Amino acid sequence: MTSHEVPRRHTQVFAVDPSRIGKITATGSPDFPLDDWDVHLDDHVQDVQHLRTAALQLRESDVPVAFPTETVYGLGANATRSSAVKGIYAAKQRPSDNPLIVHVASLRQLRGLLEARDHGVEARTAGMCEEASKNSLSDDIIPAIYKPLIDRFWPGPLTIILPTSPHSQLAPEVTAGLSTFGARMPRNLIALVLIKLAGVPIAAPSANASTRPSPTAAEHVQNDLDGRIDTIIDGGPCDVGVESTVVDGLSDPPTVLRPGGISLEQLRKCPGWEHTEIAYNDASEEGATPKAPGMKYRHYSPRATVILYENGSRMPGIPDLHRRLGQFRR
């Protein structure tokens, strides 16, 4: 068995209807409702039991769990434990020098990742998080440059690049050796509740085999990863259908590292982001150290033959398509 091979597993798909989960209550201030929130679940509903089981697997298992977000389906694992994160790379057959995005359910959870932690400051850190949640983002440990983006686009398809703290909770496999990491808060209710129930930040790339097209439905995940993972949460089709936009506000000017669900034009309408530049190439950057997923290796490659016709050219008939397909197969 090679390092990329994993034992054959029995993959199960569990349907979850977000309307049957329960009620969410914001516990942050009215000005900053993303600080934290509570969810009151109806445990008599099978959907909730599926979520609780998946959350336990995310927190304690080394086998990743597939779940829906508004962008694409993600393949998640506990971002604080190396063995769990390695399970993502194994299931996807993904190169381990490709960083992973960390998904959080609240700003309080994100602040915890930015705090400098060691074994002797857990209690003090908890108190700092509570105090930080009372403050505005301008006085926060979260860099102020991101405040306009968080206000406008979170929860949503936007990933921000943040500095890794000296004693980071994150497993080193998440950052792939970088001094920064990407974080986002998904806009999908199932994803948010799942992260909240797990109680840990979730590292989650797209739930597809490496280089394959990103999955926007549970059946896509099953086609790629059946037998490689135990659990797929089926929350229906994704709303956005493309990955999150990755931005770096730590650079001057700010840059877009990966295109996605938020456009460059939308970013430039936010204060401090008027001069945002593009920092990615159309081709993969072989040999480079990627700051974000999708920058180094070939991604999203369908198995189908694609034929492009320029605008204004004659529409091809069936015989013409057959002839051209025959040329590609030789």
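Here the structure is shown first, and the text comes after it.
First, a word on scope: everything that follows refers to the structure included in this document.

Rules and cut-offs
- Residues numbered from 1 in each chain as written.
- Predicted model: local features only at pLDDT ≥ 70, side-chain atom pairs only at ≥ 80, totals over all residues.
- Heavy atoms only, no water.
- Buried < 20%, exposed > 50% of the residue type's maximum accessible area, 1.4 Å probe, protein only.
- Helix = DSSP H or I, 4+ residues; strand = E, 2+ residues; numbered from the N terminus.
- Pairing = 2+ DSSP bridges.
- Salt bridge = Lys/Arg side-chain N within 4 Å of Asp/Glu carboxyl O.
- Contact = heavy atoms within 4.5 Å.
- Polar contact = N/O pair within 3.5 Å; in protein donor to acceptor, adjacent residues only side chain to side chain.

1. Regarding the pairing of strand S8 (residues 180-184)
Summarising burial for S8: five of the five residues are buried, a large majority. Taking every second residue as pointing to the same face, both faces of S8 are buried, with Thr-180, Gly-182 and Arg-184 on one and Phe-181 and Ala-183 on the other. Judged from the three bridges that link them, strand S6 (residues 101-103) and S8 form a sheet pairing that is parallel. Considered in S8, the bridge of Val-102 is made with Ala-183. Inspection of the sheet shows strand S7 (residues 158-163) paired to S8 by four bridges, in the antiparallel sense.

2. Some thoughts on the pattern of salt bridges
By the definition in use, this model includes 13 salt bridges. A salt bridge links Arg-8 to Asp-226, with the nearest nitrogen and oxygen atoms 3.4 Å apart. On the criterion of sequence distance, the pair formed by Arg-8 in the segment before strand S1 (12-15) and Asp-226 in the loop between helix H8 (218-225) and strand S10 (231-234) is long-range, its members being 218 residues apart. Relative accessible area serves as the criterion here: at 32%, Asp-226 is assigned to the partly exposed category. With its nearest N and O atoms 4.0 Å apart, the salt bridge here joins Lys-86 to Glu-173. Of the two residues, Lys-86 sits in helix H2 (residues 82-92) while Glu-173 sits in helix H6 (residues 172-175), which places them 87 residues apart along the sequence. The partly exposed category is assigned to Lys-86, whose relative accessible area is 48%. Each member of the salt-bridge network shares a partner with another, and the members are Asp-35, Arg-111 and Asp-140.

3. Digging into the environment of Arg-81
Structurally, Arg-81 can be placed in the loop between strand S5 (74-78) and H2. Arg-81 sits in the partly exposed class, given a relative accessible area of 23%. Taking C-alpha positions, Arg-81 is 8.6 Å from Asp-62, a pair spaced 19 residues apart along the chain. Excluding residues that lie within four positions of it along the chain, Arg-81 makes contacts with Arg-59, Glu-60, Ser-61, Asp-62 and Ala-171. Within the structure, the side chain of Arg-81 is placed 3.0 Å from the side chain of Asp-62, a separation counted as a polar contact.

4. Observations regarding the pairing of strand S11 (residues 245-248)
Both faces of S11 are covered, namely the face carrying Thr-245 and Val-247 and the face carrying Val-246 and Asp-248. Of the pairings in the sheet, the one linking S7 to S11 comprises three bridges and is parallel in character. Counterpart to Ile-160 in the pairing with S11 is Val-247. Here S11 pairs with strand S12 (residues 255-258) via three bridges, running antiparallel. Paired with Val-247 across the two strands is Val-256, which belongs to S12. Linkage of S11 to S12, two consecutive antiparallel strands, is achieved through a turn of six residues.

5. Quick word on helix H3 (residues 107-114)
The buried fraction of H3 is high, at seven of eight residues. Regarding H3, the residues found buried are Leu-107, Gln-109, Leu-110, Arg-111, Gly-112, Leu-113 and Leu-114.

6. Topic: the side chain of Asn-208
Relative to the elements of secondary structure, Asn-208 occurs in the loop between strand S9 (202-203) and H8. The class for Asn-208 is buried, based on a relative accessible area of 3%. Among the polar contacts made by the side chain of Asn-208, one reaches the side chain of Ser-206 at a distance of 2.5 Å. In this structure Asn-208 touches Lys-92, Pro-213, Ser-214, Pro-215, Asp-224 and Leu-225, once residues within four positions along its chain are discounted.

7. Things to note about unusual backbone geometry
For the bond running from Trp-154 to Pro-155, omega is -10 degrees, close enough to zero to count as cis. Here Pro-155 shows up in the loop between helix H5 (147-153) and S7. The residue after Asp-252, namely Pro-253, is reached through a cis peptide bond having omega 0 degrees. As for its placement among the helices and strands, Pro-253 is situated in the loop between S11 and S12. A positive phi angle, close to 55 degrees, is found at Ala-176, a residue other than glycine. Assignment of secondary structure puts Ala-176 in the loop between H6 and S8. The class of Ala-176 is partly exposed, set by a relative accessible area of 22%.

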